[in-house]
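Coordinates in review
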Amino acid sequence: MNSTLEAIAQLQIDSINVVRRAHYMPLFARLGAYDTGALDALVARRRGPMTEYWAHEASYVRSELVADLITWQRRGWVDRSDLFTGKHHELTESVLSYLAAHPGTTARELSTALDVQPVGEKQHWGWNWNDTKFVTEALFAQGRILALGRSSQFERRFALAEDVIDMPPRQDAQDREPALRRLVLRALRALGVGTSHCIAEYFRLPSTQVAALLRVLVDERLVEQVEVAGLAGSCYRLPGAVIPRSIEPDLRLLSPFDSMVFNRRRLERFFGFEYRVEIYVPQAKRRYGYYVFPMLHGEEFVGRVDLKADRRNGVLQAKAVHFEPGVSPEVSGALDRELGRMAQWLGLGRVER
């Protein structure tokens, strides 16, 4: 597990649990059946190799990248501290003091302990934050607090940053370029090969600065500029990157938030595969389904399957299957085998296709 996490550097988090929560799925796609409790324990461990922060989106990310990500992430909709009143600043100090004595506390538990009232009127499903939520999200974005994993209700268990990982001294303006270098090189290591856009998008870094830095890294011979057949424009890779001569045609199902597919533009340009998450598309306008997993067969994307775990009846439902034109008939059998493996891992008794 750790070598896989070292390679891809992040697992995107999403609360949707149609099959299984998003951060569990990339490891299954790469390793097969594994103990999800081991991942939970890893991210809940003090000074462990993975913790939660903003990367491509909210993610479990390699701990050594957190300080650099804090330097470059700009999530203005999360950190609303510029709007804080005196009351919010007082609450901030109370939250920090409480977490110093009680690491691993959720925002809900903080509200109870500090007697912070819930919002009075719920006007929007995504913005019903009470004062504790505003404060903890701001502190998390700033890297002053982090998380010791998540609770059974999928809530962050907050603690002071120094209680979660070994935090280096705060980086100032002159430290920004070295931090960007480390993130760019780590993104390229995870991608293997990519355009400037691919590299910037991996950790949601500013594209202009990444493009300029890549030119410098090429001059310094820390990065190679290469051409990819059939693809216009420059691409980049690390010197000595190994390109497999062949890839076994094993079928794997990638969740919508897998780092292999979360950059839709890269997916289309490098693999000729158009993919869109249709969760928020009205049902009548969906082309392929609600929670659709791309199928990767060897090095080709060969189709899509809309999956749902019916836990009450113990069934993994393949609600719709769409193969790309010209796909070999053997792929259908490979899909059945992979669905069977997934169902067993999920603790479901059978597959409906």
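Residues numbered from 1 in each chain as written. Predicted model: local features only at pLDDT ≥ 70, side-chain atom pairs only at ≥ 80, totals over all residues. Heavy atoms only, no water.

1. Points about the overall build of the protein chain
Applied cut-off: Here a helix means four or more residues in a row that DSSP labels H or I, a strand means two or more in a row labelled E, and each is numbered from the N terminus. The globule rule used here is 2.2 Å times the number of residues to the 0.38 power, and the radius of gyration it is set against is calculated over C-alpha atoms. What makes two residues a contact is simply this: any of their non-hydrogen atoms within 4.5 Å.
When helices and strands are counted, the protein chain shows 13 helices and 12 strands. Over its C-alpha trace the protein chain gives a radius of gyration of 22 Å, about what one expects of a compact globule, namely 20 Å for 353 residues. Judged by the C-alpha coordinates and their principal axes, the protein chain covers about 65 × 60 × 35 Å. Taking contacts inside the protein chain between residues at least 6 apart in sequence as the whole, the part at least 24 apart equals 60%.

2. Observations concerning the pairing of strand S10 (residues 300-310)
Inclusion rule: Three labels apply to residues, based on accessible area from a 1.4 Å probe with only protein chains included: buried if under 20% of the type maximum, exposed if over 50%, partly exposed otherwise in between. When DSSP locates at least two bridges between a pair of strands, those strands are taken to pair.
Extensive coverage of S10 is indicated by the burial of nine of its 11 residues. As paired strands, strand S9 (residues 292-297) and S10 are joined by six bridges and run antiparallel to one another. Residue pairing in the sheet places Val292 in a bridge with Asp306 of S10. Linkage of S9 to S10, two consecutive antiparallel strands, is achieved through a turn of two residues, within which Gly298 is found at a positive phi near 65 degrees. Both S10 and strand S11 (residues 315-323) contribute to a ladder of eight bridges, which runs antiparallel. Within the sheet, the bridge partner assigned to Gly303 lies in S11 and is Phe323. The turn linking S10 back onto S11 is made up of four residues, and Gly314 within it adopts a positive phi angle of 65 degrees.

3. Brief notes about the pattern of salt bridges
Convention followed: Salt bridges are defined by distance alone: a side-chain nitrogen of Lys or Arg within 4 Å of a carboxyl oxygen of Asp or Glu.
Applying the stated criterion across every chain yields a total of 26 salt bridges. Across the pair Glu201 and Arg204 runs a salt bridge, and its minimum N-O distance is 2.8 Å. For Arg204, a relative accessible area of 32% puts it in the partly exposed group. Residues joined by salt bridges that share partners form a network here, namely Glu6, Arg62, Glu64, Arg186 and Arg189.

4. So, the sheet that holds strand S1 (residues 10-12)
Paired through their backbone hydrogen bonds, the strands of a sheet run either parallel or antiparallel. Put simply, the rule reads: Under this scheme, a helix contributes an axis fitted over its contacting stretch, all axes are lines through C-alpha atoms, and angles between N-to-C directions fall in the 0 to 180 degree range.
If you trace the three strands from one edge of the open sheet to the other, you get S1-S3-S2, paired in antiparallel fashion. Two strands close off the open sheet at either side, each with one partner strand: S1 and strand S2 (50-54). Going across the sheet, the axis of each strand differs from the next one's by a mean of 30 degrees, ignoring polarity. When S1 meets strand S3 (residues 58-62), the two strands line up antiparallel, connected through three bridges. Bridge assignment links Leu11 to a residue of S3, and that residue is Tyr60.

5. Section: unusual backbone geometry
Of note in this structure, Ala9 is not a glycine but carries a positive phi near 75 degrees. Secondary-structure assignment places Ala9 in the loop between helix H1 (2-8) and S1. Here Arg47, not a glycine, exhibits a phi torsion of approximately 55 degrees, which is positive. Along the chain, Arg47 falls in the loop between helix H3 (36-44) and S2.

6. With respect to the state of the cysteines
What counts here: Note on terminology: pairs of cysteine sulfur atoms within 2.5 Å are recorded as disulfides.
For the coordinates displayed, the defined rule picks out zero disulfides. Cys235 provides the cysteine sulfur closest to Cys198, a residue in no disulfide bond, and the two sulfurs are 7.0 Å apart. Cys235 gets classed as buried once you look at its relative accessible area, which sits at 0%.

7. What to know about the packing of aromatic side chains
Short version of the rule: Between rings of Phe, Tyr and Trp, where Trp is taken as its six-membered ring, a pair exists when centres lie within 6.5 Å; planes separated by under 30 degrees are stacked, by over 60 edge-to-face, and by other angles tilted. Definition used: whenever NZ (Lys) or CZ (Arg) falls within 6 Å of the ring centre and also within 35 degrees of the ring normal, the charge is taken to sit over that ring.
For the structure shown, the criterion picks out 10 aromatic pairs. A ring pair is formed by Tyr202 and Phe262, whose centres lie 5.7 Å apart and whose planes are at 50 degrees; its orientation type is tilted. One end of the pair, Tyr202, is in helix H10 (residues 196-202); the other, Phe262, is in the loop between strand S8 (251-253) and helix H12 (264-271), and 60 residues separate them in sequence. The buried category is assigned to Phe262, whose relative accessible area is 8%. Judged by centre distance (6.5 Å) and plane angle (20 degrees), the ring pair of Phe273 and Tyr275 falls under stacked. With a relative accessible area of 1%, Phe273 lands in the buried category. Given the relative accessible area of 7%, Tyr275 is considered buried. Joined through ring pairs, the aromatic side chains of Phe271, Phe273, Tyr275 and Phe301 make up one cluster. Between Arg21 and the ring centre of Phe154, over which it is positioned, the NZ or CZ distance is 4.2 Å. Note that Arg156 overlies the ring of Phe140, its terminal NZ or CZ placed 4.0 Å from the centroid.

None of this, on its own, says anything about what the molecule does.
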